[in-house]
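Analysis of the macromolecular model
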Amino acid sequence: MEQPGGSETRGLTGGEVLERTSTGRVNRVPFAVSRTIWQIVRANVLTLFNGIVAGSFLLLFLLDQWRDALFGLSAVGNSVIGIVQEYRAKRSLDQLAILHAAKTNVLRDGTKQKIPAECLVPDDLVVLSAGDQVTADLELTDGSYLEVDESFLTGESEPVEKGPGGQLLSGTLILGGSGLARVVKVGQDTFAYRLASEARRFSLVTSEIRKGLERVFTVVTWLLLPTALLLINAQVHHQGGWAETQETGQWTVATVAAVAGVLAMIPLGLLLLTSVAFAVGGLRLARRKVLVQELAAVEVLARVDVLCLDKTGTLSSGSIAFDALHDAGAEPAEGWKAALEWFGANAGSSSTAASIGAAFPVEDPLPEVSSVPFAAAQKWSSVTFGPLSGAAGTWILGAPNALLDGASPADGEAHRRATALASTGLRTLVLAHAPGVPASTAPGEAKLPGQMKPALLLTFHEKLRKEAPDTVDYFRRQGVTVKIISGDDPRTVAVLAGKVRVGAGRAYDARDLPADPVLLEEAMQHHDVFGSVTPSQKQYMIQAMKRCGHTVAMIGDGVNDILALKEADLGIAMDSASPATKAVARLVLLDGRFDRLPAIVAEGRRAIGNVERVSMVFLSKTMYSTLIALATAVMLLPFPFLPRQLSVIDGLTIGLPAFFLALQPSGRRYESGFLRRSLSFAVPAGLCVATSVVAVNVYAYSGGHNTAAVQTASSFTLSLLAAWILVTASRPLNVPKTAILAGMYGGLALLFTVSPATEFFRLSPPPPSLLAAAVLAAITGSLAIELVRYCQRGTGRPGR
């Protein structure tokens, strides 16, 4: 058995690291934020509908009907566009992920080094503190104590205590404590690497929109086979029956018609444009220095109606500066400066303690007898010095509301002074002292010592981000409720909230929050600013708002925000966030600019609004194609289109315009009911189109017109109606949309007038009477579609 290298205090030597690295024992795993190239190709090519298209293409090609097999080129074009767009997004996201990958602190050759997580090797000594993300399987060494979030592995959000010898699995997060741990497994040998990579890799949106589209696709799939059989029977009957078609070879005509009817039902390109819209959204956000860790977040952006903000690091710049020492009401015990120097020198991931270290620098802090690390839930940390140290006893540094219970006059006076300081907007901490050594400092069992007396009050100040007021105002104008949820003193929070015009000048003290879920929901509905909030309370508050039907986004940067970020529909981390916080967020603001948020929300709304717009067009096409196929099959009429005619009409009135429309700006907030809204237009609009086309066919065949004339008249009617559906769905119009629509009508004009096009697509001019009937049917159908849209607006549905 191999003996571990290194030592408990110096870590591995450079030679030991090189030996392990050269044999491939490093912490690399097949992980990516985005999908692999093969996954992108497979998702855009190997689909059921593409399989039907490919089969139909081969069938027509073998029957020497290659002119009617041009829809295959359209399918190939759809797939290529989807692959290219998603690959561009993948490349951008992967580059950002590499640049901002998690780093790990290790001891090597006796010095502390920060290295990429993938450079870890077995037996490395990892230095852990609150906010770190575990990136390999570790074992805690003697004297270490941590509070760990293992929810990535177990689904349980409650912190788990880990002492010496405890196992830490890859993917877990450090919530509190500090210590050393030895790497025992790396890379693909780790127990949790599959779970960790699966939790954070790219995934297509599994939202209301995608689920709604999947339901539509399921219904269409079930309708394809029976509709195809009915169409074949109708076409064979029109050609004289089964025996006649076999003898004359006209069965190929029936096959072509059936293929045309079936392919017209498939909303080919809708799923493509959905994926493209979100991939382009992720790409645009990446250019704005926003790392999208899951493209599903782009949709959630459009639905957010409640935005929860942490105060420190979000509204404020995140940098904490020591302000001053203040009298707590009594003479401080001897050694207070040595205590502050110790807290400053052992800051860990605490920016507040680090600012103390800047104000009270020391090279060699006083050696401690024992200490209790800071934990967000308890809101204090402590250190105990020996009786001959000059700072004998236990010193506790923490929030006033956690240390001052008001049981003694000294506590009451200190609390009054702390309250006065906090009301000025300063963050306030209390330094307390207790004689002797506490009864227990064992990990997980530490409690505040008795006979504790306040020694000093410390104040800190933080700077409001200059862009914060305008950004908060933007959300207010957009109908998004802004709530500030902070662990700081309510008075401090209220002062900062007032500067961004949130709340009514006061903050709700979270210590008074009701435990009853219904009462908690009421409190969240009636208050916007909260102070003294614990990490678990943040989680419960997010849950309460979600139960009230809100779509909630949470922005934070601290370890105490992790539970809330995970619980929110959309978690957003600032650039200053700890690795653990960034790991659970779906979006990371890499440059820490709070004013990026309006652009982020606008990008989400653009994507989702345009997906809904093009969905109305595609679903209308599926509806009228299905109705036309069923009507002609039941009435034993020839199918009124050739595949090539449907392909070019779809391309000009749906495919190309919809692609450009999917990339247009869209400012309205998304609301639930996507499928209901889309179908409320698509079903009646499709019925209008189908009725008009079938009416033209009935009139034409009753008047004895030939098949070619009927197909041209039907194509003309369908082109005008499909174009009007696109016009209706594109409103309100602007210059780019008008240009897109003008291009569509120009293409249709060329299709029906230019000789090469009319010959290839068999669009010969119909007799005047039939042309007049087609124009009348198109005008009537367009008016009916306009009435449908007017009624939809009248019901107050979005999309007007």
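1. Quick word on the confidence of the model for the protein
On average, residues of the protein carry a pLDDT of 80, and 80% of them reach 70 or more. The secondary-structure element of the protein with the lowest mean pLDDT is helix α6 (residues 193–200), recorded at 44, while helix α19 (residues 517–526) shows the highest, at 93. Counting interchain partners and residues more than four positions distant, the pLDDT-below-50 stretch residues 195–206 has 31 contacts.

2. As for helix α23 (residues 597–634)
The first and last C-alpha atoms of α23 sit 55 Å apart over 38 residues, in line with the 56 Å expected at 1.5 Å per residue. Downstream of α23 by a residue or two, L636 has a phi angle that is positive, lying close to 55°.

3. Comments concerning the nonpolar core
Counting residues in hydrophobic clusters, the biggest one holds 112 residues, and the most contacted among them are L315, L570, L587, Y624 and L751. The biggest single contributor to this core is α23, with 15 residues. Not counting the four nearest positions on each side in its chain, Y624 is found in contact with D650, I654, G686, V689, A690, L718, A722 and I725. I542, M545, V552 and L565 belong to the second largest nonpolar core, which has 25 residues in total.

4. A few points about unusual backbone geometry
Between R731 and P732 the backbone carries a cis peptide bond, its omega angle lying at 0°. You can see P732 is positioned in the loop between α26 (707–730) and α27 (735–753). The backbone of D123 sits at a positive phi, close to 80°, despite the residue not being glycine. As for its placement among the helices and strands, D123 is situated in the loop between β2 (111–116) and β3 (125–129).

5. Some details on the packing of α23 against α26
Where α23 meets α26, the closest approach of the two axes is 9 Å, and the angle between their N-to-C directions is 155°. In terms of orientation, α23 lies roughly antiparallel with respect to α26. Here the hand of the crossing between α23 and α26 comes out right-handed. Facing R613, V617, S620 and Y624 of α23, the residues of α26 in contact are L718, A722, I725, L726, A729 and S730. Residue composition of the contact of α23 with α26, by class: 7 nonpolar, 2 polar and 1 charged.

6. Quick word on the environment of G571
Along the chain, the position of G571 falls in strand β21 (residues 570–574). Residues G571 and G556, spaced 15 residues apart in sequence, show a C-alpha to C-alpha distance of 8.0 Å. Sequence-distant contacts of G571, that is, excluding residues within four places in its chain, are made with M554, L565, A585, R586 and L587.

7. Observations concerning the sheet that holds strand β10 (residues 306–309)
One open sheet holds the 8 strands; their spatial order is β9-β22-β21-β20-β10-β17-β19-β18, and the pairing between them is mixed. Both edges of this open sheet fall to β9 (290–292) and β18 (508–509), since each of them pairs with a single strand only. In the sheet, β9 pairs with strand β22 (residues 587–589) via 3 bridges, with the strands oriented antiparallel. Each bridged residue has a counterpart across the sheet, and for V292 the counterpart in β22 is L587. Taken strand by strand, helix α18 (residues 490–499) contacts β17 (481–485), β18 and β19 (529–531), and its axis lies near 150° from that of β19.

8. Describing a nonpolar patch on the surface
Taken together, the side chains of L771, V775, I779 and L783 present a nonpolar region at the surface, about 340 Å² in accessible area. By the element assignment, V775 lies in helix α29 (residues 768–794). By relative accessible area, which is 32% here, V775 ends up partly exposed.

9. Focus: the environment of A432
Note on placement: A432 falls in strand β15 (residues 427–434). Distance from A432 to L456, taken between C-alpha atoms, is 7.0 Å for residues 24 residues apart in sequence. Other than its neighbours up to four places away in sequence, A432 contacts T394, W395, I396, M452, K453, P454 and A455.

10. Some points on the pattern of salt bridges
For the coordinates displayed, the defined rule picks out 20 salt bridges. One salt bridge in this structure joins R20 and E19, with 3.7 Å as the shortest N-O distance. Judged by relative accessible area, which is 3%, R20 ranks as buried. Looking at E19, the relative accessible area reads 38%, which means it is partly exposed. Here D489 ties to R491 by a salt bridge, and the two come within 2.8 Å at their closest N and O atoms. Because the salt bridges share partners, they merge into one network encompassing E19, R20, R25 and D123.

11. Things to note about the pairing of β10
By the alternation rule, side chains of β10 split into V306 and C308 and L307 and L309, which are all buried. Both β10 and strand β20 (residues 552–556) contribute to a ladder of 4 bridges, which runs parallel. Residue pairing for β20: C308 is matched across the bridge by M554. Sheet topology note: the β10/β17 ladder contains 4 bridges and is parallel. Among the inter-strand pairings, C308 is bridged to a residue of β17, identified as K483.

12. What about the side chain of N697?
Inspection of the secondary structure puts N697 in helix α25 (residues 674–702). If we skip the residues at most four places from it in the chain, N697 touches P638, P640, V710 and S714.

13. Thoughts on the pairing of strand β5 (residues 145–149)
Of all 5 residues in β5, 5 are buried; the element is thus mostly enclosed. Side chains of β5 alternate between two faces, with Y145, E147 and D149 and L146 and V148 buried alike. Note that β5 and strand β8 (residues 173–185) share 5 bridges and pair antiparallel. By the bridge assignment, L146 is partnered in β8 with G177.

14. Focus on helix α16 (residues 409–422)
Here α16 contains 14 residues, and its C-alpha end-to-end distance of 20 Å stays within 8% of the 20 Å for a straight helix at 1.5 Å per residue. Along α16, the positions that sit buried rather than exposed are D411, A414, A418, L421 and A422. Taken down its axis, α16 places every buried residue within 95° of arc, on the same side. In this structure, the buried side of α16 is in contact with β11 (321–327), α15 (400–403), β15, β16 (453–461) and α18.

15. Things to note about the packing of α23 against helix α24 (residues 643–661)
Interaxial distance between α23 and α24 falls to 9 Å at its minimum, and their mutual angle equals 165°. When the axis of α23 is compared with that of α24, the two are roughly antiparallel. Crossing of α23 over α24 shows left-handed handedness. Two secondary-structure elements touch here, α23 through N610, R613, V614, V617, F618, K621 and Y624 and α24 through D650, I654, A658 and L661. Classifying every residue of the contact of α23 with α24 gives 7 nonpolar, 1 polar and 3 charged.

Cut-offs used in this document
- Residues numbered from 1 in each chain as written.
- Predicted model: local features only at pLDDT ≥ 70, side-chain atom pairs only at ≥ 80, totals over all residues.
- Heavy atoms only, no water.
- pLDDT = per-residue confidence, 0-100.
- Helix = DSSP H or I, 4+ residues; strand = E, 2+ residues; numbered from the N terminus.
- Contact = heavy atoms within 4.5 Å.
- Expected span 1.5 Å × (residues − 1).
- Core = buried A, V, L, I, M, F, W, Y, C linked by side-chain atoms within 4.5 Å.
- Buried < 20%, exposed > 50% of the residue type's maximum accessible area, 1.4 Å probe, protein only.
- Axes fitted to C-alpha atoms, helices over the stretch in contact; angles between N-to-C directions.
- Parallel < 35°, antiparallel > 145°, perpendicular 65-115°, else oblique.
- Left-handed = near helix turned anticlockwise from the far one by under 90°.
- Nonpolar A, V, L, I, M, F, W, Y, C, P; charged D, E, K, R; others polar.
- Pairing = 2+ DSSP bridges.
- Patch = residues over 30% accessible without salt bridge, like charges linked within 9 Å, V, L, I, M, F, W, Y side chains within 5 Å.
- Areas by Shrake-Rupley, 256 points an atom, 1.4 Å probe, with all protein chains shown as cover.
- Salt bridge = Lys/Arg side-chain N within 4 Å of Asp/Glu carboxyl O.
- Arc of directions from axis to C-beta.

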